[in-house]
Amino acid sequence: MTIEQLRQQARDMRKAAKELQRKMQEVTDPEERKQMARRMNELFAKASSLREEAKNRHDWNVSIERDFRCMETDLED
């Protein structure tokens, strides 16, 4: 998966979690609310994990690019 795909999937999961959060306000059954809350928390956690992975991949790509530029500079000298 690309970095942008990871970010998009994280956005989609957060959007779904927010929708569950809104629906929870209308539900009165305690068991149903508990299940919705559990699912909502899972979605938020997965979204956070995907965002972190995207950030790490981006940072890694920047680091590799920086290393190559340093090697180019060394070769030019």
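Residues numbered from 1 in each chain as written. Predicted model: local features only at pLDDT ≥ 70, side-chain atom pairs only at ≥ 80, totals over all residues. Heavy atoms only, no water.

**Observations concerning the overall build of the protein**
The helix and strand inventory of the protein stands at 2 helices and 0 strands. In terms of overall size, the protein is more extended than a compact globule, its C-alpha atoms giving a radius of gyration of 20 Å where 77 residues would be expected to give roughly 11 Å. For the protein, the C-alpha atoms occupy an extent of roughly 70 × 15 × 15 Å along the three principal directions. The buried share of the protein, taken over its 77 residues, is 19%. Taking contacts inside the protein between residues at least 6 apart in sequence as the whole, the part at least 24 apart equals 61%. For the protein, the accessible surface area stands at approximately 6,200 Å², while carbon and sulfur atoms represent 49% of it. Looking at charge distribution, the protein has the averaged site of its 17 positive side-chain charges lying 9 Å from that of its 17 negative ones. (Helix = DSSP H or I, 4+ residues; strand = E, 2+ residues; numbered from the N terminus. Rg over C-alpha atoms; globule rule 2.2 N^0.38 Å. Buried < 20%, exposed > 50% of the residue type's maximum accessible area, 1.4 Å probe, protein only. Contact = heavy atoms within 4.5 Å. Areas by Shrake-Rupley, 256 points an atom, 1.4 Å probe, with all protein chains shown as cover. Lys, Arg positive; Asp, Glu negative; His and termini not counted. Charge placed at Lys NZ, Arg CZ, Asp CG, Glu CD.)

**Some details on the nonpolar core**
Nonpolar side chains tend to gather and get buried jointly when the protein is soluble and globular. Ranked by size, the top nonpolar core spans 15 residues in total, and within it Met-13, Leu-20, Met-24, Met-36, Met-40, Leu-43 and Leu-50 carry the most contacts. Counting only elements with at least two residues in this core, the list comes to helix H1 (3-24) and helix H2 (30-76). Among all residues touching Met-40, those that are not within four sequence positions of it are Ala-17, Leu-20, Gln-21 and Met-24. (Core = buried A, V, L, I, M, F, W, Y, C linked by side-chain atoms within 4.5 Å.)

**Comments concerning the pattern of salt bridges**
In the structure shown here, the tally under the stated rule is 6 salt bridges. Across the pair Arg-22 and Glu-19 runs a salt bridge whose closest N-O atoms are separated by 3.0 Å. Note that Arg-22 and Glu-19 are positioned in helix H1 at a spacing of 3 residues, about one turn of the helix. You can call Glu-19 partly exposed: its relative accessible area is 34%. When the shortest N-O distance is used, the salt bridge between Glu-65 and Arg-69 registers 2.5 Å. Remark: Arg-69 and Glu-65 occur in helix H2; sequence separation between them is 4 residues, near one turn of the helix. Look at Glu-65 and you get partly exposed, because its relative accessible area is 41%. (Salt bridge = Lys/Arg side-chain N within 4 Å of Asp/Glu carboxyl O.)

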